[in-house]
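Listed below, chain by chain, are the residues.
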Amino acid sequence: MSQRKSLTIDSQREAQVWQHLFEQFGIPRIPGYRFLKSGRKRIRLISEMAFNILGNLPYTGTTGLYVGEYSPTAFRLSMDGAHILGPYATKQIVKLTDEQAEVWLQGESVNYEDEQRGYVIVIHNDTILGCGSLSEGKLRSFIPKIRRLKSP
Amino acid sequence: MNDIDTLPSAFQRRFQKLLAKEYSRFVDSICQAPNHFVRINTLKTDIKSGVEHLEHLGIETSPVPWYPAGFRITDAFEQIPFTKEYSLGWYYIQEGGSMIPPIILDPQPTDTVLDFCAAPGSKTTQMAQMMNNEGAIIANDRSFRRLTSLGHNIQMCGVINTITLRQDGRHLSTRLPLQFERILVDVPCTASGHLRSKPPQVKIPDRKRLFGIQAVQKGLLTAAFRLLKPNGVLVYSTCSLHPEENEAVVNHLLENSPNAMIEHPRISNLQSHPGITQWNETPYQEALSACLRIYPHDNDTDGFFIALIRKHM
């Protein structure tokens, strides 16, 4: 792993990310949470105190938690990004049945009719499963391969 | 599983010397099948929900007495990786003894913590949940392969307060412009405490290898101690039971750092033995009796050694 300087984003850009999360999912700015840029689109979440230390480190590896990809049109939450930020969401939320949740966690799309479109936070029995994409009656799964539900 | 009749004579001599009257209890214990444990990840769920879901799936648990988020899995352990909750990061498979060093270090949400040899991240992610994802953890490891596992475990557990570094810990004190309130030094070791899962033949390395490992351990502990703030605390731990990797290493620090003081760890509901103060005719400082030796028969876990060290002003 090459040691690289973490890519902080300026406060204006960070505010834009929060604004986008609010507009898209109703997630407000959360005190103590800071964003970092990783690559062109990837956004990582880090605690305030760890964020403040970063400037003192000449080199870092993985920093904070990968929470999603941000483009000018949408924020796609990662599975763990949905777990940590999803509880604050007020919109773009869908609820699955037992059977749908089982299939969706295996990485498969499920049929889902809803007026909402685009990236949604997926819930089953009050538990956030992750983030999916809803269009034309299909809910696509973004569960990473390594985390997909497998049969014994 | 070990067989009492196949224990090598060198192994028997060494542990008879260490354990005296308790040797037969120790041998009975290491001839048992290894136990399975999980830690409920409170960054993703609460302990009550975590246990209820396991029970609902027919997976039997019993609480680990020294840590509220730790559970021994008494039946159907093999099902856990196939559960929805495991995929979501609710459970982390971690040996019960491995949960002890972070409890003794007791990291707080306002602390800056250094995890000196962090990968694959069992103790790092445990500390993150003990800190409620606040404060900061610098998690260092030298191995690229192990750092990849650390990154995966940080992600799966939902940890946001951790920054990883890939450095040789022995040189970290010259490269890191920070000092820390708490440091965990869980050093690479011979893993001789894992006596249930691996046959003891491989657990007594030859003298050259043992002292080679010891030199690395001394270097790591010395470097970590330099990075400790005055009045800060450091936990040195190994999953080895050999005095050469434990008391001898801590004794080396005490002899070379007059401001290093051993403290007695406070932890409830845990059985342990005191550190030894002499091995193979070599005397160690009396203060080492405050260290913890945890044998498999103490708590039905793997063996561990833990020293709590404070840096006086």
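Now for a look at the structure at hand. Since this is a predicted model, take the numbers as computed values, not measurements. (Residues numbered from 1 in each chain as written. Chains lettered and ligands numbered in written order. Predicted model: local features only at pLDDT ≥ 70, side-chain atom pairs only at ≥ 80, totals over all residues. Heavy atoms only, no water.)

At the interface, 37 residues of chain B touch 38 residues of chain A. Overall, the association of chain B and chain A removes approximately 3000 Å² of surface from exposure, summing both partners, and the carbon and sulfur fraction of that is 64%. The tally of links between chain B and chain A comes to one salt bridge. Taking the shortest distance from any N to any O, the salt bridge between Asp80 of chain A and Lys44 of chain B comes out at 2.7 Å. Scanning the region where chain B abuts chain A turns up 11 residue pairs in polar contact (both at pLDDT 80 or more). Of all elements in the fold, only helix 4 (84-88), strand 6 (136-140), helix 7 (144-157), strand 7 (162-165) and helix 8 (169-175) of chain B reach the threshold of two or more residues within the side of chain B that touches chain A. (Contact = heavy atoms within 4.5 Å. Buried area = accessible area lost by both parts, 1.4 Å probe. Salt bridge = Lys/Arg side-chain N within 4 Å of Asp/Glu carboxyl O. Polar contact = N/O pair within 3.5 Å; in protein donor to acceptor, adjacent residues only side chain to side chain. Helix = DSSP H or I, 4+ residues; strand = E, 2+ residues; numbered from the N terminus.)

What follows deals with the sheet that holds strand 1 (residues 36-40) of chain B. Residue and element names in this part refer to chain B. Spatially, four strands are ordered 2-3-1-4 in an open sheet, and the strand pairing comes out antiparallel. The open sheet has two edge strands, strand 2 (60-63) and strand 4 (91-93), and neither has a second partner. Recorded for the sheet is a direction-independent mean angle of 40° between the axes of neighbouring strands. Here strand 1 pairs with strand 3 (residues 70-75) via four bridges, running antiparallel. Of the residues in strand 3, the one forming a bridge with Val38 is Phe71. Where helix 3 (residues 47-56) meets the sheet, its contacts fall on strand 1, strand 2, strand 3 and strand 4, and the angle it forms with strand 1 comes to roughly 140°. (Pairing = 2+ DSSP bridges. Axes fitted to C-alpha atoms, helices over the stretch in contact; angles between N-to-C directions.)

Quick look at the packing of helix 9 (residues 207-226) of chain B against helix 10 (residues 247-256) of chain B now. Residues and elements named next belong to chain B. Contact pair helix 9 / helix 10: the axes reach a minimum separation of 9 Å and the direction vectors enclose 45°. It follows from the interaxial angle that helix 9 and helix 10 lie oblique. Crossing hand, helix 9 versus helix 10: right-handed. Across from Gln214, Gln217, Lys218, Leu221, Thr222 and Phe225 in helix 9, the residues of helix 10 making contact are Ala248, Val249, Val250, His252 and Leu253. Among the residues forming the contact of helix 9 with helix 10, the class breakdown is six nonpolar, four polar and one charged. (Parallel < 35°, antiparallel > 145°, perpendicular 65-115°, else oblique. Left-handed = near helix turned anticlockwise from the far one by under 90°. Nonpolar A, V, L, I, M, F, W, Y, C, P; charged D, E, K, R; others polar.)

The next subject is the sheet that holds strand 7 (residues 110-111) of chain A. All names here are of chain A. On the basis of which strands lie adjacent, the open sheet formed by five strands has the order 6-8-9-10-7 and mixed pairing. Because the sheet does not close on itself, it has two edges, and the strands there are strand 6 (93-95) and strand 7. Judged from the two bridges that link them, strand 7 and strand 10 (residues 138-141) form a sheet pairing that is antiparallel. Residue pairing for strand 10: Val110 is matched across the bridge by Leu139. On top of the sheet, helix 4 (residues 98-105) reaches strand 6, strand 7, strand 8 (118-124), strand 9 (127-135) and strand 10; it is set at about 80° to strand 9, its chief contact.

In this section: the environment of Gln100 of chain A. Residue and element names in this part refer to chain A. Considering the arrangement of structural elements, one finds Gln100 in helix 4. Taking the relative accessible area as the measure of exposure, Gln100 reaches 19% and is therefore buried. When the C-alpha positions of Gln100 and Asn111 are compared, they lie 8.2 Å apart, and in sequence the two are 11 residues distant. Gln100 has contacts with Lys95, Val110, Asn111 and Tyr112, leaving out every residue within four places of it along the chain. (Buried < 20%, exposed > 50% of the residue type's maximum accessible area, 1.4 Å probe, protein only.)

By themselves these figures say nothing about function.
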